[in-house]
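Given next are the chains, with one letter for each unit.
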Number of protein chains: 2
Amino acid sequence: MNDKETSSLPSRHEERLGLLLWFRLSRFYNQSLRRSNAHLKEWGVTITQFDVLVQIGTHEPLTQNELAEKLFVTKGNMTQVLGRMEELGWIHRDQEWRKKVLTLTSSGWELFHLVVPRQEQFQASQFQGLNKEEQKQLLDLLRKLQQYNEHMEG
Amino acid sequence: MNDKETSSLPSRHEERLGLLLWFRLSRFYNQSLRRSNAHLKEWGVTITQFDVLVQIGTHEPLTQNELAEKLFVTKGNMTQVLGRMEELGWIHRDQEWRKKVLTLTSSGWELFHLVVPRQEQFQASQFQGLNKEEQKQLLDLLRKLQQYNEHMEG
DNA sequence: CCTTATCAGTTTATACCTAAACTGATAAAA
DNA sequence: TTTTATCAGTTTAGGTATAAACTGATAAGG
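Position numbers for residues count from 1 along each chain, tracking the sequence in the order it is written. All chains are assigned letters beginning at A, and all ligands numbers beginning at 1, according to the order in which they are written. Where local features are concerned, this predicted model is filtered to residues with pLDDT of at least 70; where side-chain atom pairs are given and counted, the filter is 80 or more; whole-chain, interface and lining totals use all residues. Values shown for side chains rest on all heavy atoms present in the structure; no hydrogens or waters enter the calculation.

### Things to note about the sheet that holds strand β2 (residues 91-96) of chain B
Residues and elements named next belong to chain B. Pairing is antiparallel in the open sheet, where three strands are placed in the order β1-β3-β2. Two strands close off the open sheet at either side, each with one partner strand: β1 (62-63) and β2. Contact between two residues is taken to exist if any of their heavy atoms lie within 4.5 Å; hydrogens are not considered. As a rule, the C-alpha atoms of each element are fitted with a line to give its axis, helices using only the stretch in contact, and angles between N-to-C directions run from 0 to 180 degrees. Secondary structure elements are defined from DSSP: runs of H or I of at least 4 residues count as helices, runs of E of at least 2 residues count as strands, and each element is numbered from the N terminus. Across the sheet, helix α3 (residues 47-59) is in contact with β1, β2 and β3 (99-104); its angle to β3 comes to roughly 95°. Here, a strand pair is defined by DSSP locating no fewer than two bridges between the strands.

What follows is the structure, given as structure tokens:
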């Protein structure tokens, strides 16, 4: 590949921007993921479990499919993650018709109230490299991207 | 948690923004990852392998540690991913002093020239929800975040 | 009533990723 | 020279994620 020659062509340039954005995004995400897991380790919670905890805690009651949709993961994945969380005694899974209704146990609520404020604070610190205005900008750009892509997939 | 009451407090609000940013970011990243893998499936390549292919192809020769640093992943992970890519005949791993020097095989170069332009085009389409100006803004914000966090970790 | 479709969740095989402990080689210090 | 430190890469155990095939229950159509 010949960077210097092709980058002067505008159409190539735009394509490059896409790849650059992908690289930046995935690097930052990976870093952020690792740091979050390290931070949550103190309470024996993974970032995935934390996300599930927040979703159930704020939208209870939820079914597994609804949860998977909210988290943008497959339902097969939910089976595994929720299985472990049930073992740990953080959630109830009650069969109801052909659905399973998810709620937090008292132990789950305890964890929720303990960990959510800490993690909020931690995530705020992760984005300290941007001022408040820039943070809102970033949120807005991500919102636009998601809306557009959702619209594309129908 | 009582959303409506606590969100009026400014300090709480800022912390919320951090959590919101994290959620948006991870949802978009997951979506993007899934779509990229689906797109690359045509050539039997995963997005991880693609990232490795690009790094080696553009920075050859590289050691495994250098590659891990560029991709922001652990060296243990590289051992596994590179092992598979070596089996597939895409890369050479030549022991040199106490390092292993990575280069692409002719088959690897073939794949590189076949897949990179397609994936560039695909990634460009992933960010079409933003105009060129907004894409540059996003890139800039991500760059700032990474620089700040790198500086923090020292 | 019986057949067929749909739907929620599970299972399986495979890949990715981490942290932490380990190996073996080179380099530095005693 | 012997010991100790460091460094690149590997291994292990465990969690996360997917796609695709499957199960079993409910719903719809014949």
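From this point, the narrative continues.
### Remarks on the protein's contact with DNA strand D
A single heavy atom is enough: if one lies within 4 Å of a molecule or strand, its residue is considered near that molecule or strand. Around DNA strand D sit 21 residues, and of these T46, T74 and R84 of chain A together with R34 and K100 of chain B come closest. Within 4 Å of the protein, the contacting atoms of DNA strand D are 72% sugar and phosphate, with bases supplying the remainder. Polar contact criterion, stated in full: a pair of N or O atoms within 3.5 Å, where within protein one must be able to donate a hydrogen and the other to accept it, and residues adjacent in sequence count only if both atoms are side-chain atoms. Between a phosphate oxygen of DNA strand D and a side-chain N or O atom of K41 of chain B, the distance comes to 3.2 Å. Between DNA strand D and Q64 of chain B there is a distance of 2.9 Å, counted from a phosphate oxygen to a side-chain nitrogen or oxygen. Sorting the residues of the surface near DNA strand D by element identifies α5 (75-87) of chain A together with α4 (64-71), α5 (75-87) and β3 of chain B as the ones contributing at least two each.

### Some thoughts on unusual backbone geometry
Cis peptide bonds are those with omega within 30 degrees of zero, and the linkage from E60 of chain A to P61 of chain A qualifies with -5°. Here P61 of chain A lies in the loop between α3 (47-59) and β1 (62-63). Even without a glycine there, the phi angle at W97 of chain A is positive, about 55°. Among the secondary structure elements, W97 of chain A is positioned in the loop between β2 (91-96) and β3 (99-104). Even without glycine at this site, F72 of chain B takes up a positive phi of about 60°. You can see F72 of chain B is positioned in the loop between α4 and α5.

### Let's talk about the sheet that holds β2 of chain A
Backbone hydrogen bonds are what pair the strands of a sheet, in a parallel or an antiparallel way. All names here are of chain A. Spatially, β1-β3-β2 is the arrangement adopted by the three strands of the open sheet, whose pairing is antiparallel. Every interior strand has two partners, whereas the edge strands, β1 and β2, have only one. In terms of strand pairing, β2 meets β3 through six bridges, oriented antiparallel. Residue pairing across strands places Q95 opposite K100, the latter belonging to β3. Where α5 meets the sheet, it contacts β2 and β3, and its direction lies at approximately 120° from that of β2.

### A few points about the protein's contact with DNA strand C
Close to DNA strand C lie 21 residues; R34, T79 and K100 of chain A together with T46 and R84 of chain B are nearest. Each atom of DNA strand C within 4 Å of the protein belongs either to a base or to sugar and phosphate, the latter forming 68%. Within the side chain of R34 of chain A, one N or O atom sits 2.3 Å away from a phosphate oxygen of DNA strand C. Those elements that place two or more of their residues in the surface near DNA strand C are α4 (64-71), α5 and β3 of chain A together with α5 of chain B. The nonpolar class holds Ala, Val, Leu, Ile, Met, Phe, Trp, Tyr, Cys and Pro. Asp, Glu, Lys and Arg form the charged class, and all remaining residues, Gly among them, are polar. Of the residues contributing to the surface near DNA strand C, the split by class is two nonpolar, ten polar and nine charged.

### A few points about the pattern of salt bridges
The working definition used for a salt bridge is a side-chain nitrogen of Lys or Arg within 4 Å of a carboxyl oxygen of Asp or Glu. A full pass over the atoms with the stated rule returns eight salt bridges over all chains. Between R27 of chain A and D51 of chain B there is a salt bridge, with its nearest N and O atoms 3.8 Å apart. A residue pair is termed interchain when its members come from two chains, as with R27 of chain A in helix α2 (residues 10-40) and D51 of chain B in helix α3. Overall, the relative accessible area of 6% leaves R27 of chain A in the buried class. Using a relative accessible area of 9% as the deciding quantity, one classes D51 of chain B as buried. Three labels apply to residues, based on accessible area from a 1.4 Å probe with only protein chains included: buried if under 20% of the type maximum, exposed if over 50%, partly exposed otherwise in between.

### Here we look at the pairing of β3 of chain A
All names here are of chain A. Strand direction decides the pairing type here: β1 and β3, joined by two bridges, are antiparallel. Its bridge partner being in β3, T63 is matched across the sheet by V101. Hairpin connection between β2 and β3: a loop of two residues separates the two successive antiparallel strands, and W97 in this loop has a positive phi of roughly 55°.

Everything listed here is a matter of coordinates, which is why it stays silent on function.
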